Amino acid sequence: MNFLQFAFNNVRRNARAYFAYFLSSAFMVMIFFTYAMFIFHPGIAQSEMGRMTSIGMEVAEYIIFVFSILFVLFSIGSFLKARSKEFGVLSLLGATTGSINRLVFLENLIIGIGSIVAGLAGGLLLSKLFLLLSVKATGIRGLPFYWPWKAMGFTAVAFLVLFVVLSVFTLVFFRNNQVIELLGGGSKPKTAPRVSWVLALLGVALLASAVLLLKGGNGLDFSKVMLAAATGIWGTYFFYTQVTVALIRLLKRSRRLLWRGTRLLWVSEMAYKIKDNARMLFMVTVAISLACMSVGVILAAQAQNERVYEGNPFAFSYGVYEEKFAQADLAWIDQQLSEKGIRYKAIERESFMGYIGSSESYVEAVSRSEYNKIAKMLEAATLPEIGKGQAIAYAMEGTSAEGALKGQTIPVSFSFLENPLQLESIRNEIPLTGINSHTSVVVLSDADFTELKQGLSEENQNRLYRSIDFYIPAWQQKGAPRLQDPEIVIGKNLFQGMMNRVERDETNNYMSSRGRSYAETWEQLSMLSFVGIFIAAIFSVSSASFLYFKLYSELNQDRRMYHSLSKIGLGDREMRYSSSLQIALLFFIPVVISGIQTMVVLSLLGARFLLGNVTVPVLTATGAFLAAQLLYYVVVRSRYVLQLKRVMV
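Each value, and the rule that gives it
Residues numbered from 1 in each chain as written. Predicted model: local features only at pLDDT ≥ 70, side-chain atom pairs only at ≥ 80, totals over all residues. Heavy atoms only, no water. Helix = DSSP H or I, 4+ residues; strand = E, 2+ residues; numbered from the N terminus. Buried < 20%, exposed > 50% of the residue type's maximum accessible area, 1.4 Å probe, protein only. Contact = heavy atoms within 4.5 Å. Phe/Tyr/Trp six-rings, centres within 6.5 Å; stacked < 30°, edge-to-face > 60°. Axes fitted to C-alpha atoms, helices over the stretch in contact; angles between N-to-C directions. Parallel < 35°, antiparallel > 145°, perpendicular 65-115°, else oblique. Left-handed = near helix turned anticlockwise from the far one by under 90°. Core = buried A, V, L, I, M, F, W, Y, C linked by side-chain atoms within 4.5 Å. Salt bridge = Lys/Arg side-chain N within 4 Å of Asp/Glu carboxyl O. Patch = residues over 30% accessible without salt bridge, like charges linked within 9 Å, V, L, I, M, F, W, Y side chains within 5 Å. Areas by Shrake-Rupley, 256 points an atom, 1.4 Å probe, with all protein chains shown as cover. Nonpolar A, V, L, I, M, F, W, Y, C, P; charged D, E, K, R; others polar. Polar contact = N/O pair within 3.5 Å; in protein donor to acceptor, adjacent residues only side chain to side chain. Pairing = 2+ DSSP bridges. pLDDT = per-residue confidence, 0-100.

1. A closer look at the overall build of the protein chain
Thinking step 1. Along the backbone of the protein chain there are 22 helices and nine strands.
Thinking step 2. In the protein chain, which comprises 649 residues, the share counted as buried stands at 49%.

2. Observations regarding the environment of Leu-423
Thinking step 1. Among the secondary structure elements, Leu-423 is positioned in strand 6 (residues 421-425).
Thinking step 2. For the pair formed by Leu-423 and Pro-411, sequence separation is twelve residues and the distance between their alpha carbons is 6.3 Å.
Thinking step 3. The residues contacting Leu-423, other than those within four sequence positions of it, are Gly-389, Ala-391, Gln-408, Thr-409, Ile-410, Val-412, Val-442, Leu-444 and Asp-448.

3. Notes on the packing of aromatic side chains
Thinking step 1. With the rule as written, the count across this model stands at 18 aromatic pairs.
Thinking step 2. Between Phe-316 and Trp-475, the aromatic rings sit 5.9 Å apart at their centres with planes inclined by 70°, giving edge-to-face as the arrangement. Of this pair, Phe-316 sits in strand 1 (residues 316-320) while Trp-475 sits in the loop between strand 8 (464-471) and helix 18 (486-503); the two residues are 159 residues apart in sequence, bridging distant segments of the chain. The same class applies to Phe-316 and to Trp-475, which are both buried.

4. Looking at the packing of helix 21 (residues 572-606) against helix 22 (residues 615-645)
Thinking step 1. Remark: helix 21 packs on helix 22, axes separated minimally by 9 Å, with the N-to-C direction vectors making an angle of 160°. The angle between helix 21 and helix 22 places the two elements in the roughly antiparallel class. As for how helix 21 packs across helix 22, the hand of that crossing is right-handed.

5. Structural notes on the nonpolar core
Thinking step 1. Ranked by internal contacts, the top residues of the largest apolar core, which has 83 residues, are Tyr-21, Val-72 and Phe-587.
Thinking step 2. When residues of this core are assigned to their parent elements, the largest contribution, 15 residues, is made by helix 19 (residues 514-553).
Thinking step 3. Among residues more than four places away in sequence, those in contact with Val-72 are Tyr-21, Leu-162, Phe-163 and Leu-166.
Thinking step 4. Judged by nonpolar contacts, the second largest core, of 17 residues, contains Phe-316, Tyr-318, Ile-333 and Ile-342.

6. A look at the pattern of salt bridges
Close approach of charged atoms lets side chains of opposite charge pair.
Thinking step 1. Following the criterion strictly, the structure yields 16 salt bridges and no others.
Thinking step 2. Across the pair Arg-501 and Asp-329 runs a salt bridge whose closest N-O atoms are separated by 2.9 Å. Remark: Asp-329 occurs in helix 14 (residues 326-339) and Arg-501 occurs in helix 18; sequence separation between them is 172 residues.
Thinking step 3. Measuring nitrogen to oxygen at the nearest pair gives 2.9 Å for the salt bridge that ties Lys-453 to Glu-350. With Lys-453 in helix 17 (residues 446-454) and Glu-350 in strand 2 (residues 345-356), this pair connects stretches of sequence that are 103 residues apart.
Thinking step 4. Take Lys-453: its relative accessible area is 32%, and that puts it in the partly exposed class.
Thinking step 5. A network of salt bridges, in which partner residues are shared, links Asp-329, Arg-501, Arg-504 and Glu-506.

7. Quick look at a nonpolar patch on the surface
Thinking step 1. Together, Val-592, Ile-596, Val-600 and Leu-626 line one region of the surface with nonpolar side chains, adding up to about 290 Å² of accessible area.
Thinking step 2. The dominant element in the nonpolar patch, judged by the number of residues it contributes, is helix 21, at three residues.
Thinking step 3. Among the residues examined, Leu-626 registers a relative accessible area of 32% and is labelled partly exposed.

8. Focus: the packing of helix 13 (residues 278-310) against helix 19
Thinking step 1. Where helix 13 contacts helix 19, the two axes come as close as 9 Å, and the packing angle between them is 160°. In terms of their interaxial angle, helix 13 and helix 19 are classed as roughly antiparallel. Where helix 13 crosses over helix 19, the handedness of that crossing is left-handed.
Thinking step 2. By residue class, the composition of the contact of helix 13 with helix 19 is 20 nonpolar, six polar and three charged.

9. Considering the environment of Tyr-362
Thinking step 1. Turning to its location among the elements, Tyr-362 is positioned in strand 3 (residues 362-367).
Thinking step 2. Tyr-362 gets classed as partly exposed once you look at its relative accessible area, which sits at 46%.

10. Observations concerning the environment of Ile-535
Thinking step 1. You can see Ile-535 is positioned in helix 19.
Thinking step 2. Ile-535 sits 503 residues away from Phe-32 along the chain, and the two C-alpha atoms are 9.7 Å apart.

11. Description of the side chain of Thr-241
Thinking step 1. Relative to the helices and strands, Thr-241 is located in helix 10 (residues 222-252).
Thinking step 2. You can call Thr-241 buried: its relative accessible area is 8%.
Thinking step 3. Within polar-contact distance, the side chain of Thr-241 engages the backbone oxygen of Tyr-237 at 3.0 Å.
Thinking step 4. Once you skip the residues sitting within four places of it in the chain, Thr-241 turns out to touch Lys-275 and Ala-278.

12. Structural notes on the pairing of strand 2
Thinking step 1. Examined bridge by bridge, strand 2 and strand 8 share eight bridges and lie antiparallel to one another. Paired with Phe-352 across the strands is Leu-464, a residue of strand 8.
Thinking step 2. Bridge count for strand 2 against strand 3 is four bridges, and the pairing is antiparallel. Each residue of the ladder has a partner; that of Tyr-355, found in strand 3, is Tyr-362.
Thinking step 3. When strand 2 meets strand 5 (residues 409-413), the two strands line up antiparallel, connected through two bridges. Along strand 5, the bridge assignment pairs Tyr-355 with Ser-413.

13. Description of unusual backbone geometry
Thinking step 1. For Glu-379, which is not glycine, the phi dihedral falls at a positive 60°.
Thinking step 2. For Glu-379, the location among the structural elements is in the loop between helix 15 (368-377) and strand 4 (390-394).
Thinking step 3. Note on Glu-379: relative accessible area 74%, which makes it exposed.
Thinking step 4. Residues other than glycine seldom take positive phi values, yet Asp-505 does so here, at roughly 60°.
Thinking step 5. On the secondary structure map, Asp-505 appears in the loop between helix 18 and strand 9 (510-513).

14. Remarks on helix 15
Thinking step 1. Within helix 15, seven of the ten residues are buried, leaving the element largely enclosed by the surrounding structure.
Thinking step 2. For helix 15, every residue scored as buried is listed here: Arg-368, Glu-370, Tyr-371, Asn-372, Ile-374, Ala-375 and Met-377.
Thinking step 3. Within two residues after helix 15, Glu-379 carries a phi angle of roughly 60°, on the positive side.

15. Let's talk about the confidence of the model for the protein chain
Detailed reading of the predicted model is not advised wherever pLDDT is low.
Thinking step 1. Of the residues in the protein chain, 81% reach a pLDDT of 70 or more, and the chain-wide mean stands at 78.
Thinking step 2. Across the protein chain, helix 14 holds the top mean pLDDT of 91, while helix 8 (residues 179-184) sits lowest at 50.

Set out below in structure tokens:
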């Protein structure tokens, strides 16, 4: 038997340990390859949407590769630690450090090459399905199957370099270990988990400061967000290394709670397991938090996009900035709609754009008579009389303006006024409609609105915004439209036609399309969803693999412990309950912590980025990760308990 055969037999004998690592690596290779296949597709460069999607997938490639580096580095380190006793025996039998290094290098190379081959094969088998999904998700047409030689070569070289470099890097592990240390392996007696109350309090303080920074009382900028992210990450690290140990120590002080059934056993063991696995749990929590936040943002933005569409009854809105172009523009719009047999109603309104309080949310201020004119055309309820100094307001759900409208006064700021208006808020049971679905609305009394108009100086006359809205009864539907619906197609054509008129200096006015805005946002979010869903899947699979590797590295210690306990009366049922509960806590604590962090972060940032109510999207994203973790838990728990059952007396 030569050295290569020896290395191959070692991999085969340790297949149970290496199987999850092999599958996870192959899965990452497969996803990386499918993205590369999309990027190198000859049909991508033919459309603007294709180029945008390609850029998004290139970013995803970088994220996958960086995460793969961390995953492979962590996995190899865990396996080397678990097999240290085996390497100690080889050293006693005369194997040199160089021979062991060569053996480890060959084993990693065998697994790496195997995962590359399996990943490429899986990617090729699923390539047709992947292209079909990409066409459906991104709206790009004309992506037939092709032989992705460039993508295959690029993926193979990238991951081969990764496995070789990291295999060489991890060989440093042996240089500082004597034979006696290797023989000891993982059987060294554990020291009691210690806690630093200063660091525990620091962790709580860091998490609290992250929340305060995200509240952004004096404004929220990029630097504050980054500082909040840094403090939140460090707070999470101290939570696992210090706070959890402190909580378990406090729990162990209560004999009434602890000395009952198997609680003493699994609580005491969890103190060691959480302390030993703190860094791993921290990594898993950060990875799942990033994935949950990404998925939550995309789901919330998709829901908000539909709400914005459904909240706007007007298919088109024409903004008049220069009056001399208005007549020709309206005639052109009428011609375009009439040629397509589209019947419509046009209504004109005047309004001011401002801000509510210190928030950064726009508010559109209209008079009561203007609003009621629109409401009558839409057959909606009209507003009652509004006195001078009073107003009725409506804020978009989830915006920062929503909180500013809860008081008895409505502070409205306009650029042409030195001080904001302080208007008395009138309770209103009639839902406001038909103004602008992108902004909040404040309905002023006719007297206040007229006073604002008359108070405009000559240079501020353009602050009075005049627009003409087009209501098309045939396009009023429940739910969001499809991309091939007439409203989307005609809306894009009309918008592009107006842009062409601007380029030819035929107008300086602007036309917006409800359908086009919805479709454009939908396309961007679909591309992000398509990219993000696979990255989230990689984070999920890798986090489960991390937990599996750590449990496997501690399997021999748990075997010895449960074997000893079985001699003094511990039964199979108690063993299954205790071990299952410990594994469940390791699997589900990171997801629960990630869900809480995601809910807090997106709730605080949702108003700023107009995400609306984020509760359902966050619960959906967290629930998906919980379901995935539950599947992994069932598989790992059954295999782990089976190994422990074999040592029970």
